[in-house]
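Architecture at a glance
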Amino acid sequence: MLKTLGKMMLIFALVTPVWGKVVLLTSLNPELNRPPLRSKKWNINEKLEKIFRDQMDNQEIEVIHMANQWQLYQALNDKDVQALLWVSHSSNTSDRTSDALSTASVLDHQFRDVLPLFQTIPSHIQYLGLVGCRSELIINELKSKNKFQSSAETKLFLEEKKVDARKSLKRALKELKQIKLKDEVEAKCIEQEVAQIDFTRTAIESDAASVRIVVGGQVLKVLPKLLKGETQTGTISVVGPIQSKGDLKILIDTGASSHSELDLGKFTFTNDHEAEWKLFAKPDGTPFGIGSQVYHLKTKEQVNEWPFNIETRCN
Amino acid sequence: MKKLVALLTILSGLMMANPAKAIVGIASDSDALVITGIAMMDISQITVWERHDRYGRTRRGYVRYSYYTYRVITYPVLLLAGFVVLGDEGRVQINSELSADLIKKADLTSSEVKAFQDNIEEINVIKDSISSEISKIEGSKERAEAAGKLWTEYAQSLDQDAAVALYKIGSSLQN
């Protein structure tokens, strides 16, 4: 019976009314994205916003510049959002020398990788435009690794080659206007057995960066930036099957490269079984990692014998 | 980009006669040097415990006897070069997915592949730590050597099979 943990218990469909909203998230630093011989007033974000507003007459819209992973996470999970356009730099690993390494990234304006947030596209997002160089190759790489999920009805706008931001955004908007967004989307819901883990994060020494909590390669939650002295609490649900302690290993990730030392905050994880999670660290206690850290589950119990909670999830 | 890859490939071929020079000449990014350093990891210090099961027949039926041995990995500390990660704005991560070709080339056992995949998060945070630490060292050759020493030290915190797999992959990529 335990081997069946995490299997789908019940499938049913709900019809969720969705009121259309189109969101433009740009994540470009205007100082670093100004063409030569332009005045300091020239701002790529203003240019992109103008293109967007001109094309989206009479449409409920939202524009966020210098967006980060927290704002992307919120937009992706906002049920009112029907179409989402993300504009940023990206890079792909397809022509690299080895398949042991990957540089496939979608980078925000602080050069932090937000690609894992695009692994699962909720069904209410009927149109996703990834306006960035070679975004098609990046998504294809995720697909080849079976790490990309989207509804069959979600239309993707991707770029095959290196592109100019404004031209690419115009193409994405043109394509968006050609498709008809539905007033209603059918959200598929399933009941799943999950292991719930409570967490507390405290910014002790300085402000703590926005982080995502990842288990088994899945982004379970994204936390906003935390000011020094503040605390965040919450719960994450890990979908089974849970067969070993490794299945409950937790990755805390800012998406930053190895050159950006960041305060991730101090995490404490607990569950109903009084288990503890210990930070993966050097013998002297210094945590491994710069933009990310790993927490290992420490318990003497057999995790596959823990009872699980039932949770209904709709995509 | 393709021209640059081609140029670096040619350069690396020319410099293979002097591997250290190749590292200095080509790899300029900390991440590249960290990967280069994997092949310099001295895993001769890593002992691998192996469990052996034997079954004997007694009056009560079959009984399992287990005994443990350990073997010391004796790969030489090699200074291999020619593997280049081009500096790019992308975030460099070591992949958990390994191709059949790479598994064969690196001569990985199934338990090593599994350990490598199960420990990919730990491997990447160690890589980031090493990349950060060596970025403070001047001179590419010195940084690559420091990366090798740090991999040797930090790999002790990894599952042994994962450390062996990492070393084999790093070495095979540079051959």
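In this text, all values refer to a predicted model and were calculated from it rather than measured experimentally.

A word on the environment of Gln218 of chain A. All names here are of chain A. Topologically, Gln218 is positioned in strand 12 (residues 218–223). Taking the relative accessible area as the measure of exposure, Gln218 reaches 39% and is therefore partly exposed. Among residues more than four places away in sequence, those in contact with Gln218 are Gln119, Thr120 and Ile213.

Before going further, it helps to spend a moment on the sheet that holds strand 3 (residues 61–64) of chain A. Residues and elements named next belong to chain A. Here 5 strands make up an open sheet; going across it, the order is 3-2-4-8-9 and the pairing parallel. Pairing within the sheet leaves two strands with one partner each, and these edge strands are strand 3 and strand 9 (155–157). Neighbour-to-neighbour, the strand axes of the sheet open up by a mean angle of 10°, direction not taken into account. Inspection of the sheet shows strand 4 (residues 83–87) paired to strand 8 (residues 127–131) by 5 bridges, in the parallel sense.

Right, let's get into the domain arrangement of chain A. All names here are of chain A. Looking at the assigned domains, one finds that chain A contains domain 1 (2–10 + 195–314) and domain 2 (19–182). Just the C-alpha atoms count here: the centres of domain 1 and domain 2 sit 27 Å apart. A combined buried area of about 1100 Å² lies between domain 1 and domain 2, and 50% of that area is made up of carbon and sulfur atoms. On the surface where domain 1 and domain 2 come into contact, there are 4 residue pairs in polar contact (both at pLDDT 80 or more). Every element with two or more residues in the side of domain 1 that touches domain 2 is listed here: strand 11 (211–215) and strand 12. Take the side of domain 1 that touches domain 2: its biggest share by element is 6 residues, from strand 12. Tallied by class, residues from the side of domain 1 that touches domain 2 come to 10 nonpolar, 5 polar and 3 charged.

Rules behind the numbers
- Residues numbered from 1 in each chain as written.
- Chains lettered and ligands numbered in written order.
- Predicted model: local features only at pLDDT ≥ 70, side-chain atom pairs only at ≥ 80, totals over all residues.
- Heavy atoms only, no water.
- Helix = DSSP H or I, 4+ residues; strand = E, 2+ residues; numbered from the N terminus.
- Buried < 20%, exposed > 50% of the residue type's maximum accessible area, 1.4 Å probe, protein only.
- Contact = heavy atoms within 4.5 Å.
- Pairing = 2+ DSSP bridges.
- Axes fitted to C-alpha atoms, helices over the stretch in contact; angles between N-to-C directions.
- Domains from an automatic or database assignment.
- Buried area = accessible area lost by both parts, 1.4 Å probe.
- Polar contact = N/O pair within 3.5 Å; in protein donor to acceptor, adjacent residues only side chain to side chain.
- Nonpolar A, V, L, I, M, F, W, Y, C, P; charged D, E, K, R; others polar.

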